[in-house]
Amino acid sequence: MKRILSAFTACFLLIFELLLLASCDSEQETKKQQVKGTINVYNWGEYISDGSEGSFDVNAAFTEATGIKVNYTTYASNEDMYAKLKSGATGYDVIIPSDYMIKRLLDEGMLEKLDFENIPNYKYISEDFHNPYYDPTNEYTVPYTYGMVGIIYNTSRVDEEDTGSWDLMWNEKYKGDILQYNNSRDAFGTAMYRLGISVNTENEEEWRMALDSLAEQKELVQSYVMDEIFNKMESGEAAIASYYAGDYLVMSENNEDLAFYYPEEGTNIFIDAMCIPKGSKNKSLAEEYINFMLSAEAAIANAEYICYASPNTLVRESEEYIEYMGEDWLELLYPENMDFAKEYDKNCYKSLPSETLALVNSLWEELKIDSTLGVGIYLSCIGIISLLVVWAVYTIIIKKKRSKYY
Amino acid sequence: MKTLSKLYTALIFIFLYAPIAILVLFSFNASNSTGVFTGFSLQWYKELMRDSATLEALKNTLILAVLSSLIATVIGTMAAVGIDRMKNRYVKGALISTTNIPMMNPDIVTGISMMLLFVFVGTTLGLDNNLSFVTLLIAHVTFNLPYVILSVLPKIRQLDAQLPEAAMDLGCTPMKAFFKVELPAIMPGVITGMIMAFTLSLDDFIISYFTIGSGFETLPIRIYSMTKKRVTPDMYALSTLIFIAILLLLILSNVTSARAEKKMKKK
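As the structure is a prediction and not an experimental result, all values here were calculated from the model.

Scoring rules and cut-offs
Residues numbered from 1 in each chain as written. Chains lettered and ligands numbered in written order. Predicted model: local features only at pLDDT ≥ 70, side-chain atom pairs only at ≥ 80, totals over all residues. Helix = DSSP H or I, 4+ residues; strand = E, 2+ residues; numbered from the N terminus. Contact = placed C-beta atoms within 7 Å. Buried ≥ 20, exposed ≤ 12 C-beta atoms within 10 Å, placed from the backbone. Domains from an automatic or database assignment. Nonpolar A, V, L, I, M, F, W, Y, C, P; charged D, E, K, R; others polar. Pairing = 2+ DSSP bridges. Core = buried A, V, L, I, M, F, W, Y, C linked by C-beta atoms within 7 Å. Expected span 1.5 Å × (residues − 1). pLDDT = per-residue confidence, 0-100. Bend = angle between axes of the 7 residues up to and from the residue. Axes fitted to C-alpha atoms, helices over the stretch in contact; angles between N-to-C directions. Parallel < 35°, antiparallel > 145°, perpendicular 65-115°, else oblique. Left-handed = near helix turned anticlockwise from the far one by under 90°.

Peer 1: I tried to follow the overall build of chain A on my own but got confused; where do I start?
Peer 2: Looking only at helices and strands, chain A features 15 helices and 11 strands. Counting only C-alpha atoms, chain A reaches 90 × 75 × 45 Å along its principal axes. Across chain A, every contact between residues at least 6 apart in sequence was considered, and the portion connecting residues at least 24 apart equals 77%.

Peer 1: I tried to follow the overall build of chain B on my own but got confused; where do I start?
Peer 2: Within chain B one finds 11 helices and 0 strands. If you list the helices and strands of chain B from N to C, you get α-α-α-α-α-α-α-α-α-α-α. In terms of principal-axis extent, the alpha carbons of chain B reach across some 70 × 65 × 35 Å. By the burial criterion, 34% of the 267 residues in chain B qualify as buried. Long-range contacts, defined here as pairs at least 24 residues apart, represent 76% of the contacts in chain B between residues at least 6 apart.

Peer 1: So what exactly am I meant to see when it comes to the domain arrangement of chain B here?
Peer 2: For an interface, size is often stated in terms of accessible area lost upon the parts coming together. The domain architecture assigned to chain B consists of domain 1 (69–231) and domain 2 (241–267). Centre-to-centre, using C-alpha coordinates, domain 1 of chain B lies 23 Å away from domain 2 of chain B.

Peer 1: What should I look at first to understand the environment of Leu285 of chain A in this one?
Peer 2: Residue and element names in this part refer to chain A. Tracing the sequence through the fold places Leu285 in helix α9 (residues 283–293). Remark: the alpha-carbon pair of Leu285 and Leu220, spanning 65 residues in sequence, is separated by 51 Å. With near-sequence residues (within four places) excluded, Leu285 lies in contact with Lys36, Gly37, Ile39, Ile68 and Asp93.

Peer 1: How should I be thinking about the interface of chain B and chain A in this particular structure?
Peer 2: Listed as interface residues are 43 residues of chain B and, on the opposing side, 43 residues of chain A. Sorting the residues of the side of chain B that touches chain A by element identifies α2 (43–50), α3 (52–84), α5 (107–125), α8 (174–203), α10 (219–225) and α11 (234–266) of chain B as the ones contributing at least two each. The residue makeup of the side of chain B that touches chain A, split by class, is 15 nonpolar, 16 polar and 12 charged.

Peer 1: How should I be thinking about the sheet that holds strand β1 (residues 37–44) of chain A in this particular structure?
Peer 2: Each strand in a sheet pairs with another by means of backbone hydrogen bonds, the pair being arranged parallel or else antiparallel. Residues and elements named next belong to chain A. The strand order across the open sheet built from 3 strands is β2-β1-β3, with neighbouring strands paired in parallel fashion. Edge positions in the sheet fall to β2 (68–75) and β3 (94–95), since each of these pairs with one other strand and no more. Two elements, β1 and β3, share 2 bridges in a ladder whose sense is parallel. Paired with Tyr42 across the strands is Ile95, a residue of β3.

Peer 1: Looking at this structure, I do not really get the nonpolar core. What am I missing?
Peer 2: Note on soluble globular proteins: their nonpolar side chains tend to be buried together. Of all hydrophobic cores here, the largest spans 110 residues; its most connected members are Val94, Ile152, Ile240, Met274, Tyr289, Ile290 and Met293 of chain A. Residue contributions to this core peak at 8 residues, all from strand β5 (residues 142–154) of chain A. Every residue in contact with Ile152 of chain A, bar those within four places of it in the chain, is listed here: Met233, Ala241, Tyr243, Tyr248, Met251, Leu258 and Phe260 of chain A. Formed by 34 residues, the second largest nonpolar core is a distinct cluster that contains Leu62, Leu131, Val141 and Ile221 of chain B.

Peer 1: Quick question: what am I supposed to make of the environment of Ala61 of chain A here?
Peer 2: Residues and elements named next belong to chain A. Its place among the elements puts Ala61 in helix α2 (residues 58–66). For Ala61, a count of 17 C-beta atoms within 10 Å gives the class partly exposed. Measuring from C-alpha to C-alpha, the distance between Ala61 and Arg185 comes to 37 Å, with 124 residues separating the pair along the chain. In contact with Ala61, other than residues within four places in its own chain, are Phe56 and Ala298.

Peer 1: Which parts of the structure should I look at to understand the pairing of strand β8 (residues 240–244) of chain A?
Peer 2: If a strand is regular, its side chains alternate between the two faces of the sheet. Residue and element names in this part refer to chain A. Counting buried residues in β8 gives 5 out of 5 residues, a clear majority hidden from the surface. Sheet topology places β5 next to β8; 5 bridges connect them, and they run antiparallel. Counterpart to Ile152 in the pairing with β8 is Ala241.

Peer 1: Whenever I open this one, helix α4 (residues 89–104) of chain B confuses me. Can you help?
Peer 2: Residues spaced three or four apart along an α-helix face the same direction, because each turn holds 3.6 residues. Over its 16 residues, α4 of chain B runs 22 Å from end to end, which matches the ideal 22 Å to within 8%, given 1.5 Å per residue. Taken across its 16 residues, α4 of chain B has 0 buried, putting it largely on the surface.

Peer 1: What is the right way to look at the confidence of the model for chain B in this model?
Peer 2: Parts of the prediction with low pLDDT should not have their coordinates interpreted in detail. When pLDDT is averaged across chain B, the result is 88; 100% of the residues are at 70 or more. The ipTM assigned to the predicted complex is 0.77, against a pTM of 0.82.

Peer 1: Please clarify how helix α1 (residues 2–27) of chain B should be interpreted in this entry.
Peer 2: Residues and elements named next belong to chain B. The end-to-end C-alpha distance of α1, which contains 26 residues, comes to 37 Å, matching closely the 38 Å that a straight helix rising 1.5 Å per residue would cover. Along α1, the sharpest kink reaches roughly 45 degrees, centred on Tyr17 and followed within four residues by the proline Pro19. In terms of burial, α1 is largely open, as just 1 of its 26 residues are buried.

Peer 1: I keep staring at the domain arrangement of chain A and nothing clicks. Help me out?
Peer 2: Residues and elements named next belong to chain A. Considered domain by domain, chain A is made up of domain 1 (28–141 + 275–332) and domain 2 (147–269 + 356–368). Between the C-alpha centres of domain 1 and domain 2 the distance comes to 29 Å. Between domain 1 and domain 2, the contact holds 6 residues from the first and 7 residues from the second.

Peer 1: Explanation requested: unusual backbone geometry in the structure shown.
Peer 2: Residue and element names in this part refer to chain A. Non-glycine residue Asn131 carries a positive phi angle of around 50 degrees. Tracing the backbone shows Asn131 in the loop between β4 (111–112) and β5. The exposed category is assigned to Asn131, around which 12 C-beta atoms lie within 10 Å. Despite not being glycine, Cys307 shows a phi value in the positive range, around 70 degrees.

Peer 1: Help me understand the packing of helix α7 (residues 162–169) of chain B against α8 of chain B, please; the structure alone is not making it clear to me.
Peer 2: Axes are the key here: two packed helices are described by the angle between their axes and the distance separating the axes. All names here are of chain B. Their axes nearest at 9 Å, the elements α7 and α8 cross at an angle of 125 degrees. Regarding the angle of α7 to α8, the classification is oblique. For the pair α7 and α8, the sense of crossing is right-handed. From α7, Leu163, Pro164, Ala167 and Met168 reach across to α8, where they touch Pro174, Ala177, Phe178, Lys180, Val181 and Glu182. Broken down by class, the residue content of the contact of α7 with α8 amounts to 8 nonpolar, no polar and 2 charged.

Peer 1: How should the packing of helix α6 (residues 133–158) of chain B against α8 of chain B be read in this particular structure?
Peer 2: Residues and elements named next belong to chain B. At a minimum axis separation of 8 Å, α6 and α8 run at an interaxial angle of 155 degrees. The angle between α6 and α8 places the two elements in the roughly antiparallel class. When you trace α6 past α8, the crossing you get is right-handed. Here α6 contributes His140, Asn144, Tyr147, Val148, Ser151, Val152, Pro154, Lys155 and Ile156 to the contact with α8, which in turn contributes Ile186, Pro188, Gly189, Val190, Thr192, Gly193, Met196, Ala197, Leu200 and Ser201. Considered class by class, the residues forming the contact of α6 with α8 number 11 nonpolar, 7 polar and 1 charged.

Peer 1: Explain the environment of Ser201 of chain B here, please?
Peer 2: Residue and element names in this part refer to chain B. Relative to the elements of secondary structure, Ser201 occurs in helix α8. Taking the C-beta count within 10 Å as the criterion, Ser201 has 28 such neighbours and is therefore assigned buried. With 33 residues separating them along the chain, Ser201 and Met168 place their C-alpha atoms 38 Å apart. In this structure, Ser201 is in contact with Leu64, Ala65, Ser68, Ser69, His140 and Asn144, ignoring residues within four places of it in sequence.

Peer 1: What is the right way to look at the confidence of the model for chain A in this model?
Peer 2: Looking at chain A, pLDDT values average 87 and 90% of them are 70 or higher. In the model, residues 24–32 of chain A has pLDDT below 50 throughout and makes 2 contacts with residues more than four positions away in sequence or in other chains.

Here it is in structure tokens:
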């Protein structure tokens, strides 16, 4: 017994020792390269070329080139990131939120001005992305990726003639085959583009119209999902969904039947951009990192890995990139004859005032909670609990009575 | 009736293990699809070995789990011994309930209140980093503690109170009596507590999510952050490996306790 126990403890300690050794090793390694400092980068999950599947490891290459260590952590949504920053977590040096979140951060004074002298590679950013609405003076942000939402459908189950507009997602023929976003802004967005309402409206009436449209769609919808879209579309469990063009490209590799189009009524365009939050202790190192992300090697590797469109002209002109992506994919990611600035201004999500956000949230709840089911669940819960209480009281009374006799 | 009960058992096992079986199956998938199985390959295991960020997160998670479970075991055992020796029955009862509260408390409440505390203390002291590895460690030790106490306390109660007294009669100092007599006797409880703390700390998401600082990432948080795009299949490979490791650990601990019982019977 004792032997086994000590073996147990030894195992435990051994693991620990090994881990410590491992961490020492890596520290020593970086020391050899003369550590200039460490920066904390906070990015979306799976949003950088990280060396997997033989790709180029951007963070490792940055550390090698500059001697700056990168602590890379990830988040799942803009709102997660915002909550983390707001909660008082300091120490992040580079963050990569989407446009509307940047606007919000900027309005709340949470971003640091960039020193563009340290970011000479900014000159490679295409003109279209200069002075966007969220950063009109172009002092705070450097665009990282952009993209558009479209509709993905399964050609073996959807008739070609039904495609072309948002109406496909409301088509009763495909009842039970449609996926909708499990995210209020994007879900309302699909209805609002379809109805021709501005997605940034502050008019309650218009939001209610969108809600009615979503409610009407609800019985056609198989489920409300986010990343499960990949799974369901690839396996053919669902036939229609709207998602980002770049992600469609990834899905199409696993299921050749999938096809994609941009709805004619217009669709969401987003830009994700790099910025430095207030409180960063290593601003110049962070700027060095941003500059590195714009260099040809890193930008091309990221564009190929993420599959989203890149605002970097070096990427667009790179022959390696053009060959890797192929003509079809490029056409899809970078649609021609599109006045980008105009489309972007019309269709991007803007930061909504807090009253509108609250309204959207409550409308979303209204849609998701089935009122009849809700009451039923409450009633049955109350029923079960009251039965339990009655039973408990009954047993107590019985026990007391019995104890009297004995 | 017998076949019915067998069928019922089989169903329960299918429900419990089907998801894990699917996970293991897809970790051997040849393509990166999570919906279609295209063929057998070991590429995701290879991929996992090359994925430095995931390995870093795994290392962080393990360091955190080992450290927090060790610290919680030491503090928890001391606390259990102290609680057991209390004279006042009411204080003792109150103390046991108090230590159990963090266990009953929903994780989200623990997480948010810990975060508030750390940020408050950090800003009052004017620290650079309000949340860091240390805060995460404190949080993990805190939620591990009740489990250790809960598994050690019954062992101490089972212990014959005269044993340490006998040891002291034979010339042990109280300290020596504790380490030579009491501790070995309650060791199974201590080990159980440690293993429980280890696994809890390993898969905690909610509390870590709120108390984690910049520049540090644990595995559950990394996996969660992948959900905007997709969870890559090398995570399945990793989960499979972790599942096997936990399985081995469980078998080991069951074998130990079975052997100990046999020995007891022989005596």
